[in-house]
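Spelled out, the chains give:
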Amino acid sequence: MLLLMITICSTTAHAAGPVARWVEQRDAFKQVLVTKHHDSYCDWVRFTMLTWGAYLAADHQGEIHNWTSGQVNACRHAIWQYQLVRAFDEDTAEAIGNAQERFSSHHMDSVIDEQNNEAARAMYRRHAVEHVQLGEALQQIIDAVDQQNEFFQTQISEPSSP
C-alpha cells in the first residue's frame, strides 16, 4: 500500500472532480512542508504514513467501540495532529490542518475539525511537559473520544434559544 501511495502522491494528474480536488490538496500539503523546511522525500513519506495511519487507527477504534461517524472523525483528527506535532512541529501541524480544511465544502465540519486539531496540539504540549509516552497519549485520545467528553468535539452544539 505504501508503494501505491508514493506512486499516487508523486503523480501529477490533470483530472476532474474529486481527483482534481485531491491533487490540489496534496499540492497544498507539499507546499506547507516545503515552507516549513520539511521538504525531503522522507518527510513526504513520513507525512503520508502518519496521515493514513491516523485514518486507519480511527476507523479501527470506531469499529471496536461502535462509534458514530463524528467520533471517528474526531479521533482521526486528534491522532493525525498529535502525530504531526510529534513528527514535525506545532506550526507545521497547524498549517497542514488549515490547508486540509481549506478544501472542505462543509463549514460546520471544518469548525469541528479545527477545534479538534487545536485540542490535539494542546494535548501534545501538555504531554511534552509531562513526558507522556505515545501509547499512553493515544489511549487518552481514544478514551476522550469514546466518553464523548468536552475535549474533542463530535458535533457542533446548536445555540440555545432565549
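The structure displayed is predicted, hence computed values, not measured ones.

The rules behind each value
Residues numbered from 1 in each chain as written. Predicted model: local features only at pLDDT ≥ 70, side-chain atom pairs only at ≥ 80, totals over all residues. Heavy atoms only, no water. 1 Å grid on protein atoms, 1.4 Å probe; cavity = no way out; pocket = protein on both sides within 12 Å on 5 of 7 lines; lining within 4 Å. Points joined across faces, edges and corners; volume = space filled by probe spheres on them. Helix = DSSP H or I, 4+ residues; strand = E, 2+ residues; numbered from the N terminus. Nonpolar A, V, L, I, M, F, W, Y, C, P; charged D, E, K, R; others polar. Phe/Tyr/Trp six-rings, centres within 6.5 Å; stacked < 30°, edge-to-face > 60°. Buried < 20%, exposed > 50% of the residue type's maximum accessible area, 1.4 Å probe, protein only. Core = buried A, V, L, I, M, F, W, Y, C linked by side-chain atoms within 4.5 Å. Contact = heavy atoms within 4.5 Å. Polar contact = N/O pair within 3.5 Å; in protein donor to acceptor, adjacent residues only side chain to side chain. Axes fitted to C-alpha atoms, helices over the stretch in contact; angles between N-to-C directions. Parallel < 35°, antiparallel > 145°, perpendicular 65-115°, else oblique.

Digging into the layout of surface pockets
Piece 1. One number sums up the size of the largest pocket: a volume of about 730 Å³.
Piece 2. Gln-25, Thr-51, Tyr-55, Arg-76 and Gln-100 are, among the 26 residues lining the largest pocket, the residues nearest its centre.
Piece 3. Breaking the lining of the largest pocket down by element, the ones donating at least two residues are helix H1 (2–10), helix H2 (18–35), helix H3 (41–65), helix H4 (69–87), helix H5 (90–101) and helix H6 (107–130).
Piece 4. With 7 residues, the single largest contributor to the lining of the largest pocket is H3.
Piece 5. Partitioning the lining of the largest pocket into residue classes produces 10 nonpolar, 10 polar and 6 charged.

So, the packing of aromatic side chains
Piece 1. Enumeration over the complete set of coordinates arrives at 5 aromatic pairs.
Piece 2. Judged by centre distance (5.9 Å) and plane angle (65°), the ring pair of Trp-52 and Tyr-55 falls under edge-to-face. A residue pair is termed a helical-turn pair when its members lie 3 or 4 positions apart in one helix, as Trp-52 and Tyr-55 do in helix H3 at 3 residues.
Piece 3. Ring centres 5.2 Å apart and planes at 75° place the aromatic pair Tyr-82 and Tyr-124 in the edge-to-face group.

Considerations on the side chain of His-127
Piece 1. By the secondary structure assignment, His-127 is in helix H6.
Piece 2. On the accessibility criterion, His-127 (1% relative accessible area) is buried.

Structural notes on the nonpolar core
Piece 1. Core analysis: the biggest nonpolar cluster contains 34 residues, and Phe-47, Cys-75, Leu-84, Ile-96, Ile-141 and Phe-152 have the highest contact counts within it.
Piece 2. At the level of elements, H2, H3, H4, H5, H6 and helix H7 (134–146) are the ones that each hand at least two residues to this core.
Piece 3. In terms of residues, this core owes the most to one element, H4, which gives 9 residues.
Piece 4. Residues contacting Ile-96, with those up to four places away along its chain left out, are Phe-29, Val-32, Leu-33, Phe-47, Trp-80 and Leu-84.

Some remarks on unusual backbone geometry
Piece 1. Of note in this structure, His-37 is not a glycine but carries a positive phi near 65°.
Piece 2. Mapped onto the fold, His-37 is located in the loop between H2 and H3.
Piece 3. In this structure, Asn-66 takes a positive phi of about 55° despite not being glycine.
Piece 4. Examined against the element boundaries, Asn-66 turns out to sit in the loop between H3 and H4.

So, the environment of Asp-109
Piece 1. Mapped onto the secondary structure, Asp-109 falls in helix H6.
Piece 2. Along the chain, Asp-109 and Gly-70 lie 39 residues apart, while their C-alpha atoms are 9.2 Å from each other.
Piece 3. Within the local environment of Asp-109, its side chain forms a polar contact with the side chain of Asn-73, the two groups lying 3.4 Å apart.

Quick word on the packing of H5 against H6
When two helices pack together, their arrangement is given by the angle between their axes and by how far apart the axes lie.
Piece 1. Running from amino to carboxyl end, H5 crosses H6 at an angle of 170°, the nearest separation of the two axes being 10 Å. By the angle between their directions, the pair H5 and H6 is classed as roughly antiparallel. Residue-level contacts link Glu-90, Ala-93, Glu-94, Gly-97 and Glu-101 of H5 to Ser-110, Asp-113, Glu-114, Asn-117, Arg-121 and Arg-125 of H6.
Piece 2. Split into classes, the residues belonging to the contact of H5 with H6 amount to 1 nonpolar, 3 polar and 7 charged.

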